[in-house]
Amino acid sequence: MIGIMSDSHDNRTAIQQAVRLFNNSRCSLVIHAGDLVAPFAAAELKYLKCPVKCVFGNCDGEKSGLTKTIDPFGEIKEAPFLFVYNQLKFLLTHIHFRIEEYAVKYKPDILIYGHTHKAQIQRQQKVLFINPGETGGWVTGKSTVVLLDTDTNKAEIIPI
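Residues numbered from 1 in each chain as written. Predicted model: local features only at pLDDT ≥ 70, side-chain atom pairs only at ≥ 80, totals over all residues. Heavy atoms only, no water.

A.B. asks: Would you mind going over the side chain of His117 with me for this structure?
C.D. replies: The residue His117 is located in the loop between strand E7 (110–112) and strand E8 (119–124) in this model. Side-chain polar atoms of His117 contact the side chain of Asp7, separated by 3.3 Å. Here the side chain of His117 touches Glu134 through a polar contact of 3.0 Å, side chain to side chain. (Helix = DSSP H or I, 4+ residues; strand = E, 2+ residues; numbered from the N terminus. Polar contact = N/O pair within 3.5 Å; in protein donor to acceptor, adjacent residues only side chain to side chain.)

Next up, the structure:
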């Protein structure tokens, strides 16, 4: 099981709720699709019982502080961030404007993005596109994450 979140925007309470959900779901990896914002909020991810992979979002101005905070338990990179996990090719980005181009160019199995604050899961041809919505809940009033079962390749939007 993989936990997926995005756009937490310094909402420590929502991040803590997501961490509890991911730990209780026995996630083996957590992915954050950008806009953690500040290192104090990113520090909440250290309580995960698994590694974390993140990309910088457009509101992540303190990149060196975020990197220093996340490095002991995971990694944070500029988008697009490509990696293989459980024999699946992932592409992680924040901004959604180039996702179709990325799907064609990099041919991922799963493409994860954020920025829109709208949770969405859809399959286009062989690519599973996942936007977990906003973990922070500041814009829509709804805090959401996604749980992805890598054995079945099925994803579910979970309100927190």
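A.B. asks: Honestly, unusual backbone geometry in this entry has me stumped. Any pointers?
C.D. replies: Phi is mostly negative for residues that are not glycine, and the peptide bonds are mostly trans. A cis geometry characterises the amide bond from Ala79 onward to Pro80, with omega recorded as -5 degrees. Among the structural elements, Pro80 can be located in the loop between strand E4 (74–77) and strand E5 (81–85). Phi angles above zero are rare outside glycine, and Val37 is one such case at about 90 degrees. Here Val37 lies in the loop between strand E2 (29–32) and helix H2 (39–42). If you check the backbone angles, Asn153 has positive phi at about 60 degrees while not being a glycine. Along the polypeptide, Asn153 turns up in the loop between strand E10 (144–149) and strand E11 (154–159).

A.B. asks: Where do I start with the layout of surface pockets in this structure?
C.D. replies: To find leftover empty space, a probe the size of one water molecule is rolled over the atoms. Of the volumes computed, that of the largest pocket is approximately 190 Å³. Around the largest pocket, the lining residues are Glu100, Ala103, Val104, Lys107, Pro108, Gln124, Gln125, Lys126, Val127 and Phe129. Where the lining of the largest pocket is concerned, the elements lending two or more residues are helix H4 (99–106) and strand E9 (127–132). A per-element tally of the lining of the largest pocket places H4 first, with 3 residues. (1 Å grid on protein atoms, 1.4 Å probe; cavity = no way out; pocket = protein on both sides within 12 Å on 5 of 7 lines; lining within 4 Å. Points joined across faces, edges and corners; volume = space filled by probe spheres on them.)

A.B. asks: Explanation requested: the side chain of Thr93 in the structure shown.
C.D. replies: In this structure, Thr93 sits in the loop between strand E6 (88–92) and H4. Judged by its relative accessible area of 4%, Thr93 is buried. Contact partners of Thr93, with chain neighbours within four places excluded, come to Ala33, Val55, Ala79, Ile99, Tyr102, Leu111, Ile112, Tyr113 and Gly114. (Buried < 20%, exposed > 50% of the residue type's maximum accessible area, 1.4 Å probe, protein only. Contact = heavy atoms within 4.5 Å.)

A.B. asks: It is not clear to me how the nonpolar core should be interpreted in this structure. Could you clarify?
C.D. replies: Most often, soluble globular proteins have nonpolar side chains that are buried together. Formed by 23 residues in total, the largest nonpolar core has its most connected members in Met5, Phe22, Val30, Leu45, Leu48, Val52 and Ile70. Among the secondary structure elements, those contributing two or more residues to this core are helix H1 (12–24), H2, strand E3 (52–55), helix H3 (63–70) and E10. If you tally residues by element for this core, the top one is H1, at 4 residues. Grouped together as the second largest cluster of nonpolar side chains are 17 residues, Ile2, Leu29, Leu88 and Ile112 included. (Core = buried A, V, L, I, M, F, W, Y, C linked by side-chain atoms within 4.5 Å.)

A.B. asks: Sorry, what's going on with the environment of Ile70 here?
C.D. replies: Summarising the element assignment, Ile70 is placed in helix H3. Here Ile70 is in contact with Leu36, Ala42, Val52, Cys54, Glu75 and Ile76, once residues within four sequence places are set aside.

A.B. asks: What's the story with the packing of aromatic side chains in this structure? I'm lost.
C.D. replies: By convention here, two paired aromatic rings are described through the distance between centres and the angle between planes. Applying the stated criterion across every chain, the model contains 3 aromatic pairs. Consider the rings of Phe81 and Phe83, whose centres lie 5.2 Å apart with planes at 55 degrees: the pair is tilted. For Phe81, a relative accessible area of 5% puts it in the buried group. The exposure class assigned to Phe83 is buried, which follows from its relative accessible area of 8%. Taken together, a centroid distance of 5.1 Å and an interplanar angle of 5 degrees make the contact between Phe83 and Phe90 stacked. (Phe/Tyr/Trp six-rings, centres within 6.5 Å; stacked < 30°, edge-to-face > 60°.)

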